[in-house]
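Single-letter residue listing:
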Amino acid sequence: MSAELPQLLRGAEAIGAHMGASAASVMHHHRQGSLPTFSAGGTPYATPGALDEWRALYRAGKLPRQ
């Protein structure tokens, strides 16, 4: 039995394309810690699932507006 690894979005442009946002906006929110991203070597990374869950919570008003 093998576990599937989640897809990983690498960089602000890839995350922005998934979120429908600019790379600059992604970097701003990444630096503030308001997106479910992490850094490796200064590059932001995220999984699509984590971003989709964050967006659903944000739209439902369950996360603070920034």
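Each remark here, short or long, concerns the structure printed above.
**Describing helix α1 (residues 12-19)**
Move 1: Taken together, the buried positions of α1 are Ala12, Ile15, Gly16 and Met19. Angular distribution of buried residues about the axis of α1 spans 100 degrees; they occupy a single face of the element. More than 90 degrees from the buried face of α1, the exposed residues found are Glu13 and Ala17.
Move 2: Among the structural elements, β1 (9-10), α2 (23-32), β3 (43-46) and α3 (48-59) are those in contact with the buried residues of α1.
Move 3: Phi for Gly20, located one or two positions after α1, is positive at around 75 degrees.

**Observations concerning the nonpolar core**
Move 1: The biggest cluster of nonpolar side chains holds 9 residues, and these are Leu9, Ala12, Ile15, Met19, Val26, Met27, Leu35, Ala46 and Leu51.
Move 2: Broken down by secondary-structure element, the contributors of at least two residues to this core are α1 and α2.
Move 3: Other than its neighbours up to four places away in sequence, Leu51 contacts Leu9, Ile15, His18, Met19, Pro36 and Ala46.

**Notes on the packing of aromatic side chains**
Move 1: Following the criterion strictly, the structure yields 2 aromatic pairs and no others.
Move 2: Centre to centre, the rings of Phe38 and Tyr45 are 5.6 Å apart; their planes meet at 15 degrees, and the pair counts as stacked.
Move 3: Look at Tyr45 and you get buried, because its relative accessible area is 14%.

**Re the environment of Ile15**
Move 1: Within the secondary structure, Ile15 sits in helix α1.
Move 2: Taking relative accessible area as the criterion, Ile15 reaches 0% and is therefore assigned buried.
Move 3: If we ignore the near neighbours within four places in the chain, the residues touching Ile15 are Leu9, Val26, Thr37, Pro44, Tyr45, Ala46 and Leu51.

What counts, and at which threshold
- Sequence order as written defines residue numbering, which begins from 1 separately in each chain.
- Local features in a predicted model are, by the rule used here, given only for residues with pLDDT of at least 70; side-chain atom pairs are given and counted only at 80 or more, and totals for whole chains, interfaces and linings are based on all residues.
- Based on all heavy atoms of the structure, the side-chain values leave hydrogens and waters out of the count.
- We call a residue buried when its accessible area falls under 20% of the maximum for its residue type, exposed when it is over 50%, and partly exposed in between, using a 1.4 Å probe and counting protein chains only.
- Runs of E in the DSSP output that reach at least two residues are strands. Runs of H or I that reach at least four are helices, and both are numbered from the N terminus.
- In this context, the arc is that of the directions from the helix axis out to the C-beta atoms.
- In this description, contact between two residues means that some pair of their heavy atoms is separated by no more than 4.5 Å.
- Remark: nonpolar core denotes a set of buried residues (Ala, Val, Leu, Ile, Met, Phe, Trp, Tyr, Cys) joined through side-chain atoms within 4.5 Å.
- Ring geometry is summarised as follows: Phe, Tyr and Trp rings, the Trp one being its six-membered ring, pair when their centres sit within 6.5 Å, and such pairs are stacked at plane angles under 30 degrees, edge-to-face over 60 and tilted between the two.

Geometric values such as these leave the question of function open.
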